[in-house]
Amino acid sequence: MTALPPARRTRRAALPVALCVGLAAALTSCAEDPDEGTNGVGRLPANEIETKARTTAKAAASVRLAGTLVSKSGTYKLNMRLKGTGATGSVTTKASTFELLRVRDALFLKAGAAFWRHAEGSDEPTEADIEAADKLDGKYVKVPQDDPSYKRLRGFTEMNVLLDGLLELHGEVHKGDRDKIAGIRTIKVSGGEHGEGGTLDVALDGTPFPLQFARGGGGGVVVLSDWNRDFPLEEPVKEDTVDYGRQLPRTSD
């Protein structure tokens, strides 16, 4: 057997090593970086992601909030556009649906005749009740500030109040999976290991706004969108406004 020269043996030994190194480099370069092309929030610890999302939301000028909230007083389905000077949108309970419009301190409620008939109580409405309800159908009723319903209804229109209550995670904060909300990549952070203290989806694309919040214990899910997208707010014209003439009905289910 003819022995190979030392130089050729070295070249042959180096070839498999070079192939292995090249293959490893190729595999490494092909590995997907989940944070590539994002705003970098996904690389942060969970508590910093939560803080950044809350800070970003607090600085925003406006938002749309849509989803379901479950509380001791009932279950509410909201679709509200909110900003510092007021809000507009709808609220649905088990018993009724009504619209709210707030322009600074002026708060208006609009509902169909069925809402006002139901408001008269459990008794069968009289002809007078039906006639009065028909006059209120589709009209804005200005809610007096001394009416017991004013504070409760206004709570649905306060941007900062709603966001402060919704975006708070309870318990030790954990970083979870990546997801997409309305086509926008997100990172989940949750209160408690299994989200029992709430779960927040924070945008990885663009500004790190909170895009979805699931309350712990089945307390509802809300989607937050249209951040910083302004919308008009004007009091209704006189022709569309009527006086209810009595204490407004409760609006829980």
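Computed from a prediction, not measured in an experiment: that's the story for all the values here.

A. Region of interest: the pairing of strand S1 (residues 62-71). In this structure, S1 lies alongside strand S2 (residues 74-83), joined through 10 bridges in antiparallel fashion. Among the inter-strand pairings, Leu69 is bridged to a residue of S2, identified as Tyr76. Count of turn residues in the S1/S2 antiparallel hairpin: two residues. When S1 meets strand S11 (residues 221-225), the two strands line up antiparallel, connected through four bridges. Within S11, the residue paired with Leu65 across the bridge is Leu224.

B. Quick look at the pattern of salt bridges. Counted according to the given criterion, the structure contains 13 salt bridges. One salt bridge in this structure joins Lys188 and Asp179, with 3.5 Å as the shortest N-O distance. One salt bridge in this structure joins Asp226 and Arg229, with 3.2 Å as the shortest N-O distance. Through salt bridges with shared partners, a single ionic network connects Arg102, Asp105, Arg154 and Glu158.

C. Examining the packing of aromatic side chains more closely. Per the stated rule, a full pass over the model turns up five aromatic pairs. With a centroid separation of 4.8 Å and 0 degrees between ring planes, the pair formed by Phe209 and Trp227 is classed as stacked. In this pair, Phe209 sits in the loop between strand S9 (199-203) and strand S10 (210-214) while Trp227 sits in the loop between S11 and strand S12 (241-242), placing the two residues 18 residues apart along the sequence. A residue is classified by how much of its surface remains accessible, and Phe209, at 12% relative accessible area, is buried. The class of Trp227 is buried, set by a relative accessible area of 12%. Taken together, Phe98, Phe115 and Trp116 form an aromatic cluster joined through their ring pairs. A cation over an aromatic ring shows up here: Lys83 above the ring of Phe231, its NZ or CZ 4.8 Å from the ring centre.

Thresholds applied
Residues numbered from 1 in each chain as written. Predicted model: local features only at pLDDT ≥ 70, side-chain atom pairs only at ≥ 80, totals over all residues. Heavy atoms only, no water. Pairing = 2+ DSSP bridges. Helix = DSSP H or I, 4+ residues; strand = E, 2+ residues; numbered from the N terminus. Salt bridge = Lys/Arg side-chain N within 4 Å of Asp/Glu carboxyl O. Phe/Tyr/Trp six-rings, centres within 6.5 Å; stacked < 30°, edge-to-face > 60°. Buried < 20%, exposed > 50% of the residue type's maximum accessible area, 1.4 Å probe, protein only. Lys NZ or Arg CZ within 6 Å of the ring centre and 35° of its normal.

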